Amino acid sequence: MKAHPTNIQADRSARILSISWNDGKTTTYPFDGLRLACPCVECKGGHAKMGNVTPPSVVQNAPNLGIQLENLQAVGSYALQPLWSDGHSTGMYTWELLRALAPVDSEQN
Ligand SMILES: [Zn+2]
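Report follows, based on the coordinates. (Residues numbered from 1 in each chain as written. Predicted model: local features only at pLDDT ≥ 70, side-chain atom pairs only at ≥ 80, totals over all residues. Heavy atoms only, no water.)

1. A word on the coordination of the zinc ion
Consideration 1: For the zinc ion, the protein coordination sphere consists of Cys38 (SG), Cys40 (SG), Cys43 (SG) and His88 (NE2), at 2.1 to 2.3 Å.
Consideration 2: One can describe the site at the zinc ion as tetrahedral: its 4 donor atoms subtend angles covering 101 to 117° at the metal.
Consideration 3: Donor residues for the zinc ion sit on one chain with the sequence pattern C-x1-C-x2-C-x44-H. Of the two residues, Cys40 is situated in the loop between helix H1 (31-36) and helix H2 (41-44) and His88 in the loop between strand S5 (79-84) and strand S6 (93-94); the sequence distance between them amounts to 48 residues. One exposure class covers both Cys40 and His88, and it is buried. (Donors = N, O, S within 2.8 Å, 3.2 Å for Na, K, Ca; no water. Tetrahedral: all angles 85-135°; square planar, octahedral: opposite > 155°, others 65-115°. Helix = DSSP H or I, 4+ residues; strand = E, 2+ residues; numbered from the N terminus. Buried < 20%, exposed > 50% of the residue type's maximum accessible area, 1.4 Å probe, protein only.)

Next up, the structure:
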């Protein structure tokens, strides 16, 4: 079964994105870390590196970049596309990627 979000909440004062999943898990991401993990070609430095996923520890402990979430758009029913305060908006964060970017205890399947 593929996990998909049941609730997505952006806390703009704490600068944290929280996602509740249909399997009962909740994952949270600091905006700075999410921005850092942007999966687009530009941020990943070329197609060859596009498969590389930023480790959850890096996302969770990202340096304070002061990044704000300006807008958050759903892409079909499989991804989120954030607009960041630095003007960047080409990253599409699939559910799969979002799960890979957060520490989730004992998942599998
Ligand atoms: Zn990007």
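2. Some details on the nonpolar core
Side chains of nonpolar character tend, in soluble globular proteins, to be buried together.
Consideration 1: One finds Tyr29, Leu34, Tyr93, Leu98 and Leu101 to be the most contacted residues of the largest nonpolar core, which totals 21 residues.
Consideration 2: Those elements that place two or more of their residues in this core are strand S2 (16-21), H1, S5 and helix H4 (95-100).
Consideration 3: Among residues more than four places away in sequence, those in contact with Tyr29 are Arg15, Ile16, Leu17, Ile19, Trp21, Leu34, Val59, Gln60, Leu98, Arg99, Leu101 and Ala102. (Core = buried A, V, L, I, M, F, W, Y, C linked by side-chain atoms within 4.5 Å. Contact = heavy atoms within 4.5 Å.)

3. Side note on a nonpolar patch on the surface
Consideration 1: A cluster of nonpolar side chains, contributed by Leu36, Val58 and Leu65, occupies part of the molecular surface with about 230 Å² of accessible area.
Consideration 2: Mapped onto the elements of the fold, Val58 is located in helix H3 (residues 56-60). (Patch = residues over 30% accessible without salt bridge, like charges linked within 9 Å, V, L, I, M, F, W, Y side chains within 5 Å. Areas by Shrake-Rupley, 256 points an atom, 1.4 Å probe, with all protein chains shown as cover. Salt bridge = Lys/Arg side-chain N within 4 Å of Asp/Glu carboxyl O.)

4. What to know about unusual backbone geometry
Consideration 1: Phi at Arg15 takes a positive value of approximately 55°, unusual for a residue other than glycine.
Consideration 2: Among the secondary structure elements, Arg15 is positioned in the loop between strand S1 (5-11) and S2.
Consideration 3: The exposure class of Arg15 is buried, given its relative accessible area of 18%.

5. Some details on the sheet that holds S2
Strand pairing in a sheet takes place through backbone hydrogen bonds and is either antiparallel or parallel in direction.
Consideration 1: In spatial order, the strands read S1-S2-S3; together these 3 strands make up an open sheet with antiparallel pairing. Looking at which strands have only one partner, the edges of the open sheet turn out to be S1 and strand S3 (26-30). Strand-to-strand twist of the sheet, defined as the mean angle between neighbouring strand axes without regard to direction, takes the value 15°.
Consideration 2: The sheet contact formed by S1 and S2 spans 6 bridges and is antiparallel. Across the sheet, the residue bridging to Ala10 is Leu17, located in S2. (Pairing = 2+ DSSP bridges. Axes fitted to C-alpha atoms, helices over the stretch in contact; angles between N-to-C directions.)

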